[in-house]
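Close look at the chain arrangement
Spelled out, the chains give:
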Amino acid sequence: MDIFTEAAILVHYQNVLVLLALFLAGVILFERKKAYAQAGIMALIISLAMQTYFNAARPCAELASLVPCPTEAGFPSVHAALAAVFLMGSVGSKWFFVAAPLALVIAYSRIYLGVHTPGQILAGMALGITVYLLNWLHMREKK
Amino acid sequence: MSRINSTKAKIRAARITGRKARQTPFGNSRPSLKVERTMKADFEYKRQLFHMLFGGLLLITALFFGRENTMLLYAFGVGVGIAMLHLKLSGSKVPLVDDVLERFERKSAKFPGQGAIMYFAGALLALTFAPFDFALAIIAIVAVGDGFATLVGMKGKLVLSWNRKKTWEGFLAFMFSSAAIASLVLPFSTSLAYALALAAAETLELNSDDNMVLPITALALYHIIGLR
């Protein structure tokens, strides 16, 4: 098995740890800490709520996947939403060229494993970017 | 040097020497309030025309490429916007981008390229979370309604009671232009309902960006209220 597949499977099975590590890394390293933290929490809550509301099936419900198909609904992708927040948090910082590819690879890995469609990933990323931008605007306004 | 009093000459002079025009050929003085207001109005007119043209381009792209390809295209647009934002925040100069921002970005923007990034992100949000025809209607309303609201509203006299910065003329211009453009893809009654609701949302002082507030409001109306 190649490195990318192993890494994608690791992210899948340890998703809570990986996402929490990303979140904490962002809070420590990025400049707009408050906006980032708030956006991360909001993106998580909103994407989970939307998954319940839309109740859209994952592609692995009908097609083969590299990992056992998760039972929760798939639209939008929580991984993609949080990866997008992580990417946006790094904008303007010296970590951008590390954080941005990492976020995109995490988002793509979900398609690679067969647990999300590209549309579900794009929706997650759009949600994450929107939540972050709105938090950023609001935070700057408070200053 | 003889003193030239005409407003037009002062505007020309102020434009020659730069936006703030701290120094004019007539001495070290800022342009008068009337000149500044005229310059601001000119800027807003150009800005709104660009806004509407940009929105038109997004719509044509969507109609030509279909939903899936357009989503990828808009995602690419957002990605480019984010990359440019990073460069600007890092202090880099980006020649073409700097020119466009200088010409069309409001001074009140919270970060460079706010308008364009929010526009693309709002359009992507609409495409990913709504059916194609509704997404097109939302993008059209943001392009046309918002543009007309500003262009007409700036000359309006009847100020809204809940927002002294907006006028009834702007509100009605938003509503009717939005209803007209949205009815090209949606039933007229649905278009009118969305136009009214989004015109009202646009008048609220939410300390946010209309390019994002309008799509989010429309999506909330579609999914939560079930306005279809």
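Scroll up to find the structure this text is about.
Note that this is a predicted model, so its numbers are computed, not measured. (Residues numbered from 1 in each chain as written. Chains lettered and ligands numbered in written order. Predicted model: local features only at pLDDT ≥ 70, side-chain atom pairs only at ≥ 80, totals over all residues. Heavy atoms only, no water.)

Looking now at the overall build of chain A. Along chain A, the regular secondary structure elements total six helices and zero strands. Scaling as 2.2 N^0.38, a compact globule of 143 residues should have a C-alpha radius of gyration of about 15 Å, and chain A matches this with 15 Å. With the principal axes as the frame, chain A shows a C-alpha extent of 50 × 35 × 20 Å. In chain A, which comprises 143 residues, the proportion classed as buried is 51%. For chain A, the share of sequence-separated contacts (at least 6 apart) that also reach a separation of at least 24 residues comes to 73%. For chain A, the exposed area adds up to about 7,000 Å²; of that, 70% sits on carbon and sulfur atoms. (Helix = DSSP H or I, 4+ residues; strand = E, 2+ residues; numbered from the N terminus. Rg over C-alpha atoms; globule rule 2.2 N^0.38 Å. Buried < 20%, exposed > 50% of the residue type's maximum accessible area, 1.4 Å probe, protein only. Contact = heavy atoms within 4.5 Å. Areas by Shrake-Rupley, 256 points an atom, 1.4 Å probe, with all protein chains shown as cover.)

Of all hydrophobic cores here, the largest spans 84 residues; its most connected members are I129(A), L133(A), Y74(B) and I82(B). Residues in contact with I129(A), not counting those within four places in the same chain, are A84(A), M88(A), V78(B), I82(B) and A121(B). (Core = buried A, V, L, I, M, F, W, Y, C linked by side-chain atoms within 4.5 Å.)

A separate point is the interface of chain B and chain A. The interface of chain B with chain A comprises 27 residues on the first partner and 27 residues on the second. Together chain B and chain A conceal approximately 2,200 Å² of surface at their shared face, both sides included; 81% is due to carbon and sulfur atoms. Contact with chain A buries surface across chain B, with H86(B), K110(B) and F129(B) losing the most and accounting together for 29% of the total. Our enumeration of links across chain B and chain A arrives at zero salt bridges. Every element with two or more residues in the side of chain B that touches chain A is listed here: α2 (33-89), α4 (114-129) and α8 (210-225) of chain B. With nine residues, α2(B) is the single largest residue contributor to the side of chain B that touches chain A. For the side of chain B that touches chain A, a count of residues per class yields 17 nonpolar, seven polar and three charged. (Buried area = accessible area lost by both parts, 1.4 Å probe. Salt bridge = Lys/Arg side-chain N within 4 Å of Asp/Glu carboxyl O. Nonpolar A, V, L, I, M, F, W, Y, C, P; charged D, E, K, R; others polar.)

On to the state of the cysteines, then. Residue and element names in this part refer to chain A. Going through the model one piece at a time under the given rule, you end up with one disulfide over all chains. Across the disulfide from C60 sits C69; the S-S distance is 2.0 Å. Between C60 and C69 the disulfide shows an S-S torsion of about 65°. By sign, it is right-handed. (Disulfide = S-S within 2.5 Å.)

Take a nonpolar patch on the surface next. All names here are of chain B. Residues L158, W162, W168, L172, F176, L204 and L206 make up a contiguous nonpolar surface patch of about 710 Å² in total accessible area. Note on placement: L158 falls in the loop between α5 (132-153) and α6 (168-182). In this structure L158 comes out as exposed when scored by relative accessible area, which is 53%. (Patch = residues over 30% accessible without salt bridge, like charges linked within 9 Å, V, L, I, M, F, W, Y side chains within 5 Å.)

What follows is about the pattern of salt bridges. In a structure, side chains of opposite charge can pair up when their charged atoms sit close to one another. A full pass over the atoms with the stated rule returns four salt bridges over all chains. A salt bridge links E72(A) to R58(A), with the shortest nitrogen-to-oxygen separation between them at 3.6 Å. Separated by 14 residues along the polypeptide, E72(A) in the loop between α3 (33-54) and α4 (78-90) and R58(A) in the loop between α3 and α4 bring together distant segments of the chain. Overall, the relative accessible area of 46% leaves E72(A) in the partly exposed class. Its salt-bridge partner being D98(B), residue K88(B) comes within 2.4 Å of it at the nearest N-O pair. In this pair, K88(B) is assigned in helix α2 and D98(B) in helix α3 (residues 95-104), connecting sequence segments 10 residues apart. For K88(B), a relative accessible area of 23% puts it in the partly exposed group.

Our next topic: unusual backbone geometry. Here the residue pair F75(A) and P76(A) is connected by a cis peptide bond, since its omega of -5° sits within 30 degrees of zero. In this fold, P76(A) is placed in the loop between α3 and α4.

Position of A126(A) relative to the elements: it lies in helix α6 (residues 118-142). With 45 residues separating them in the primary sequence, A126(A) and A81(A) have C-alpha atoms 7.3 Å apart. Here A126(A) is in contact with L124(B), L125(B) and T128(B), once residues within four sequence places are set aside.

Turning our attention to the environment of Y194(B). Residue and element names in this part refer to chain B. Looking at the secondary structure, you find Y194 in helix α7 (residues 188-203). With a relative accessible area of 3%, Y194 lands in the buried category. With 54 residues separating them in the primary sequence, Y194 and A140 have C-alpha atoms 12 Å apart. If we ignore the near neighbours within four places in the chain, the residues touching Y194 are F134, A218, L221, Y222 and L227.

This part takes up the packing of α3(A) against α4(A). Helices that pack against each other are described as a pair by the angle of their axes relative to one another and the distance between those axes. Residues and elements named next belong to chain A. One can describe the packing of α3 onto α4 by two numbers: an axis separation of 9 Å at closest approach and a directional angle of 160°. Taken together, the axes of α3 and α4 are roughly antiparallel relative to one another. Between α3 and α4 lies a crossing whose hand is right-handed. Residues Y36, A39, G40, A43, L44, S47, L48 and Q51 of α3 touch α4, and the partners they reach there are V78, A81, L82, V85, F86 and G89. Residues that form the contact of α3 with α4 fall into these classes: 10 nonpolar, four polar and no charged. (Axes fitted to C-alpha atoms, helices over the stretch in contact; angles between N-to-C directions. Parallel < 35°, antiparallel > 145°, perpendicular 65-115°, else oblique. Left-handed = near helix turned anticlockwise from the far one by under 90°.)

Applying the stated criterion across every chain, the model contains 23 aromatic pairs over all chains. Both rings, one in Y108(A) and one in Y112(A), keep their centres 6.3 Å apart while their planes meet at 40°; by these two values the pair is tilted. Highlighted residues: Y108(A) and Y112(A), both in helix α5 (residues 96-113), separated by four residues, approximately one helical turn. On the basis of relative accessibility, which here comes to 45%, the residue Y108(A) falls in the partly exposed class. With a relative accessible area of 30%, Y112(A) lands in the partly exposed category. Ring geometry for F50(B) and F54(B): centres 6.3 Å apart, planes at 20°, overall stacked. Of this pair, F50(B) and F54(B) are both found in helix α2, four residues apart, which corresponds to roughly one turn of the helix. The exposure class of F50(B) is partly exposed, given its relative accessible area of 35%. Clustering of aromatic rings is evident, with ring pairs tying together F50(B), F54(B), Y74(B), F104(B), Y119(B) and F120(B). Sitting above the plane of the W136(A) ring, R32(A) keeps its charged end 4.1 Å from the centroid. (Phe/Tyr/Trp six-rings, centres within 6.5 Å; stacked < 30°, edge-to-face > 60°. Lys NZ or Arg CZ within 6 Å of the ring centre and 35° of its normal.)

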